[in-house]
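Structural overview for review
The residues making up each chain are set out below.
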Amino acid sequence: MNTVQIKNITVGAKNPIALIAGPCVIEDAERTLAIGRAIKAIADRLHIPYIFKASYDKANRSSYNSFRGPGLKEGLQILAHIKKELDVPVVSDIHCITQIEAAAEVLDILQIPAFLCRQTDLVYEAARSGKVINVKKGQFLAPLDMKNVIAKMEEAGNKNILLTERGATFGYNNLVADFRALPIMRSLGYPVVFDATHSVQLPGGAGTTSSGQREFVPYLTRAAVATGIDVLFMEVHDNPPEAKSDGPNMLYIDQVEALLQDVLAIDNIVRKHK
């Protein structure tokens, strides 16, 4: 397996599990930093490598009137400040080729949203940046189909690749996490990420917004870690019910530490057999 270096964090092979976490979207600079600082304190206590995540633009909202975030310029300024203040790598979504150059100046990981994972030009040009690329597997793809996405990035000369599982469409307004996908994607030779909070999302389930089933996040998380993942991805908020995006499936900050203690216990067992 290829390992991937994200600043001072090495993921893949038998390296300990890493954490990508933060709020779904940048709501404001102060609150976003506070959430990141709280997660980092937990990660430091548990000695878990931590990467901060928040979106500067949620371009795939259900409704035109839904909150999308501060946008590229202001959002990247906020992420650059968080990166400096917390001294951690940062990741955010990119949605079009024109965002890549500016995003690559700030972000340590460029993330390809699930709905865009088959957009050849976006995937290829993101890979050409030389940055670490985290591609979320589309809800409409089989896990083995990700070999074609990988081939596009390798064609661009980039092997700094992460593959994320975030559930598969199962009927209307529902996702199901098929845990076979994790070892299947890992067999393609790159580190695998499990997105624990988007996997319990109910897309469009609230009409003009998505709903979710936060109560199932711990169960899916523990199951995913038991398969031998390399990175755990979760969205976290201090008060999810008032969050401006994905509140129903985000974890409360005060739920995170106990769950991560379980994660470490399981990962310590599994890592011996990776």
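Note that this is a predicted model, so its numbers are computed, not measured.

Moving on, we come to the overall build of the chain. In terms of regular secondary structure, the chain is built from 8 helices and 15 strands. The buried share of the chain, reckoned over its 274 residues, is 53%. Relative to all contacts within the chain whose residues are 6 or more apart in sequence, the contacts with residues 24 or more apart total 69%. On the chain, roughly 11,500 Å² of surface is accessible, and the fraction owed to carbon and sulfur atoms is 50%.

Okay, the pairing of strand β7 (residues 132–136) next. Counting buried positions over the 5 residues of β7 gives 5, a clear majority of the element. Residues Val 132, Asn 134 and Lys 136 point to one face of β7 and Ile 133 and Val 135 to the other, with burial holding for every one of them. Bridge analysis of strand β6 (residues 109–112) against β7 gives 4 bridges, and the strand direction is parallel. The residue of β7 that forms the bridge with Leu 110 is Ile 133. The β-α-β motif built from β6, the intervening helix α4 (residues 120–128) and the parallel element β7 has right-handed crossover chirality. When β7 meets strand β8 (residues 161–165), the two strands line up parallel, connected through 4 bridges. Bridging from a neighbouring strand, Lys 136 pairs with Thr 164 of β8. Following the chain from β7 across helix α5 (residues 146–155) to the adjacent parallel β8, one finds a crossover that is right-handed.

The rules behind these values
- Residues numbered from 1 in each chain as written.
- Predicted model: local features only at pLDDT ≥ 70, side-chain atom pairs only at ≥ 80, totals over all residues.
- Heavy atoms only, no water.
- Helix = DSSP H or I, 4+ residues; strand = E, 2+ residues; numbered from the N terminus.
- Buried < 20%, exposed > 50% of the residue type's maximum accessible area, 1.4 Å probe, protein only.
- Contact = heavy atoms within 4.5 Å.
- Areas by Shrake-Rupley, 256 points an atom, 1.4 Å probe, with all protein chains shown as cover.
- Pairing = 2+ DSSP bridges.
- Right-handed = clockwise from strand over helix to strand, strands pointing away.

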